[in-house]
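This is what each chain is made of:
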2 protein chains.
Amino acid sequence: MRKYRLFAPGPTAVAESASLAMAGSIIHHRTRAFEAVLEEVRRGLKWLFQTKNEILILASSGTGAMEGAVTNLFSKGEKVIVVDGGKFGERWWKICKAYGVEPEIIKVPWGEAVSPADVEKLLKKGGYKGVLVQASESSTGVTHPIEKLADLTRGMKDCLLVVDAISALGAMDLPMDRWGIDALIGASQKALALPPGLALIGLSDKAWQAAEKGNLPRFYFDFRKELKGLVTNQTAYTPAIGLIFGLAERLKAMQTEGLQPLFERHQRLSDGMRAGVTALGLALFAKSPVNSLTAVIAPSGIDGQKIYKTLQEKYNLTIAGGQDDFKGKIFRLAHMGHYDDLDVVTVLAALEWTLADLGYRFEMGAGVGAAMKVLHG
Amino acid sequence: MRKYRLFAPGPTAVAESASLAMAGSIIHHRTRAFEAVLEEVRRGLKWLFQTKNEILILASSGTGAMEGAVTNLFSKGEKVIVVDGGKFGERWWKICKAYGVEPEIIKVPWGEAVSPADVEKLLKKGGYKGVLVQASESSTGVTHPIEKLADLTRGMKDCLLVVDAISALGAMDLPMDRWGIDALIGASQKALALPPGLALIGLSDKAWQAAEKGNLPRFYFDFRKELKGLVTNQTAYTPAIGLIFGLAERLKAMQTEGLQPLFERHQRLSDGMRAGVTALGLALFAKSPVNSLTAVIAPSGIDGQKIYKTLQEKYNLTIAGGQDDFKGKIFRLAHMGHYDDLDVVTVLAALEWTLADLGYRFEMGAGVGAAMKVLHG
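First, a word on what this report is: a plain description of the structure on this page. (Residues numbered from 1 in each chain as written. Chains lettered and ligands numbered in written order. Predicted model: local features only at pLDDT ≥ 70, side-chain atom pairs only at ≥ 80, totals over all residues. Heavy atoms only, no water.)

### Topic: the overall build of chain A
Then, number 1: Counting its regular elements, chain A contains 14 helices and 13 strands.
Then, number 2: Against the globule reference of 21 Å for 377 residues, chain A gives a C-alpha radius of gyration of 21 Å, in line with a compact fold.
Then, number 3: Seen along its three principal axes, the alpha-carbon backbone of chain A occupies a region of about 60 × 55 × 35 Å.
Then, number 4: By sequence separation, contacts in chain A at least 24 residues apart represent 72% of the contacts at least 6 residues apart. (Helix = DSSP H or I, 4+ residues; strand = E, 2+ residues; numbered from the N terminus. Rg over C-alpha atoms; globule rule 2.2 N^0.38 Å. Contact = heavy atoms within 4.5 Å.)

What follows is the structure, encoded as structure tokens:
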């Protein structure tokens, strides 16, 4: 008997109530019944994004919203600052280059967060129309200092703070309006605990003004057209109806839990996971870790990919390995979405068995025990 | 007690077996289990598209694949012929203009099919890199003569036939390789009987060569990157995993039915529906009707929107009204996907009651009876 368990930093396990909501009949989107659901979803998303503005719902993976942020908010030849501290920071400047936006790249070593002073120095030079960054860099488990970056851009008339929060939204506090984030991006398959296929993006008033002026080509990801539809409870193109039913269900559950308890739960899960991992003598990779996932340095002499693969093949439990230069050197444990204290114990137990299988020497149960102490009561 | 019934030309009702497949656990896409599913889906799609080449699977609605066809296959300033015989023909040239491709528009009156001679005349002038057309123009229920257009472009070295078959794929025979279609586009929420959220596109060798040379900006819909992933059973970005599980299920069911029986079923459903509608004294709108939907002219004195709305509100059955200039003048009945002979009877019965409610005079049961005669074995 093999049970499958999904604990990767996206996609994450789907909440059963959402699966059941999505398994129901598809209702046509040009009906009052669907529009009522979308109206409720719009309200829920504003609550989750902590903004008064609309959140666009795109039928795409998160990368689609990242591309849309670039093509809607900037113009050809404009310069932006890109924080590149991993795979997803890299994606920002690749999208920019594909569309003729000129990225000034702040290269941050993997595992580290950008220094706001480095961004400030560039901003003082002037001429930058945006700062593009990750709230959670999924490839390293790092959170960049979004609030401090927002302090830099908030007062600037024509520089936007564009935040990929795909693996952060719903796991950490990112009060869009209060901090002054100009574009905040999420996706369904992370802390929202839905299958992949929906991207979400909220824009500030300043960003909407930029979207009116931008001259880059866009069609499927034309945010102006999406907004026009959304205020009548429609989308520009056929919406991913099933996923939107799931989203309605998840937003209800998250609202019942409450915003601060949601963030506190993710913080507690992180604390538990990190206590467990360090009790095993392992070192954390991220200097400024996000609370939706934990990147761990593979112990010397053990290939991190073997840890990932043994968990997958022997224990039927999916985590994530390292990427690019860090393949084999780190592995990543997610703790977000439909995930509770006992899931931390489950992951750590399977990790301990895996480490033992691979010849790592430690006191079995030490990680689980340390996590249990942190997580109890 | 109100049962909901979905008979619109997309989204269509989802097959229960697919709903259940999608309601199962999400398996991470970087696993052998998912790759095995994707490998099976790739085989099934080649069968459905009748091509030896790969079919790309995009997390987007069908419009995303249409945009990708334009941005991957053409370059800035290139001229293409666009057949505009409705809402979706119009979409082709809007996408072209958004990206700086120059459309020569053949405007076809709504309800009519393009004349191959008109396309041939333009092609003889030379300089066109593509012909963009619909196999099924969902807004009018017309099928354009794809085979004849393919006869024109097949021998041309650098002119591509790009076919939006979103509401045709799986309902009518479009043998991609045999006819020489260069790009064929489908989507999940039509004859595939899945929820919206997946777009599909197959490219000929000639189209792949063009994709290598194209200079338009593209990132999320970069077909070269998708193909590179697909041959290893992956996608460029996080796939819509749930929908792909549903697609695997649907392809299995369609393969069990068989390609010709699938097309014959849709033909039979069309024949039944049209016999029913005309027996009520109503006239068909499309001169060259596609077999996935039937557009009907509203009887004089009765607002077509009232027919659509009464079916929706009184009988909880979604069809589609007319669009743009034909709003109120026509209504559209789909018969595709997870749809059988008794569904034709159901729709016609509700339509008859609706017409009676709105004061149209006819012999009640005449439409249903006529359809039953055609459909009875």
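### Points about the sheet that holds strand β9 (residues 283-284) of chain A
Strand pairs in the sheet, formed through backbone hydrogen bonds, run parallel or antiparallel to each other.
Residue and element names in this part refer to chain A.
Then, number 1: The sheet built from four strands is open, its strands ordered β9-β10-β13-β12 with antiparallel pairing. Strands with a single pairing partner mark the edges of an open sheet, and in this sheet they are β9 and β12 (320-321).
Then, number 2: Both strand β10 (residues 293-297) and strand β13 (residues 330-334) contribute to a ladder of five bridges, which runs antiparallel. Looking at β13, one finds that Ile297 is bridged to Ile330.
Then, number 3: Sitting on the sheet, helix α11 (residues 259-279) is in contact with β9, β10 and β13, with an inclination near 10° to β10. (Pairing = 2+ DSSP bridges. Axes fitted to C-alpha atoms, helices over the stretch in contact; angles between N-to-C directions.)

### Details of the interface of chain B and chain A
Then, number 1: Listed per partner, the contact involves 45 residues of chain B and 45 residues of chain A.
Then, number 2: It is Ile26(B), His28(B) and Phe219(B) that lose the most area in chain B upon contact with chain A, and together they represent 18% of the buried surface on that side.
Then, number 3: Taken together, the connections running from chain B to chain A amount to two salt bridges.
Then, number 4: In this structure, the salt-bridge partner of Arg32(B) is Glu313(A), at a minimum N-O distance of 3.5 Å.
Then, number 5: At the junction of chain B and chain A, the tally comes to 12 residue pairs in polar contact (both at pLDDT 80 or more).
Then, number 6: Listed by contribution, the elements that provide at least two residues to the side of chain B that touches chain A are α1 (16-23), α3 (62-73), α4 (87-98), α10 (241-257) and α12 (304-313) of chain B.
Then, number 7: In terms of residue count, α4(B) provides more of the side of chain B that touches chain A than any other element does, four residues in total.
Then, number 8: Across the side of chain B that touches chain A, the residue classes tally to 23 nonpolar, 15 polar and seven charged. (Buried area = accessible area lost by both parts, 1.4 Å probe. Salt bridge = Lys/Arg side-chain N within 4 Å of Asp/Glu carboxyl O. Polar contact = N/O pair within 3.5 Å; in protein donor to acceptor, adjacent residues only side chain to side chain. Nonpolar A, V, L, I, M, F, W, Y, C, P; charged D, E, K, R; others polar.)

### A look at empty space enclosed by the protein
With a probe scaled to a water molecule rolled over the atoms, the places where space remains empty come into view.
Then, number 1: In the structure shown here, the tally under the stated rule is five cavities of 30 Å³ or more.
Then, number 2: Considered as a void within the structure, the largest cavity measures approximately 160 Å³ in volume.
Then, number 3: Lining the largest cavity are 15 residues, and of these Met22(A), Leu243(A), Met22(B), Gly242(B) and Leu243(B) lie nearest its centre.
Then, number 4: Where the lining of the largest cavity is concerned, the elements lending two or more residues are α1 (16-23) and α10 (241-257) of chain A together with α1 and α10 of chain B.
Then, number 5: A breakdown of the residues in the lining of the largest cavity according to their chemical character gives 11 nonpolar, four polar and no charged. (1 Å grid on protein atoms, 1.4 Å probe; cavity = no way out; pocket = protein on both sides within 12 Å on 5 of 7 lines; lining within 4 Å. Points joined across faces, edges and corners; volume = space filled by probe spheres on them.)

### Examining the environment of Pro116(B)
Then, number 1: Of note, Pro116(B) is situated in helix α5 (residues 116-125).
Then, number 2: Ignoring any residue separated from it by four or fewer positions in sequence, one finds Pro116(B) in contact with Pro145(B), Lys148(B), Leu149(B) and Leu152(B).

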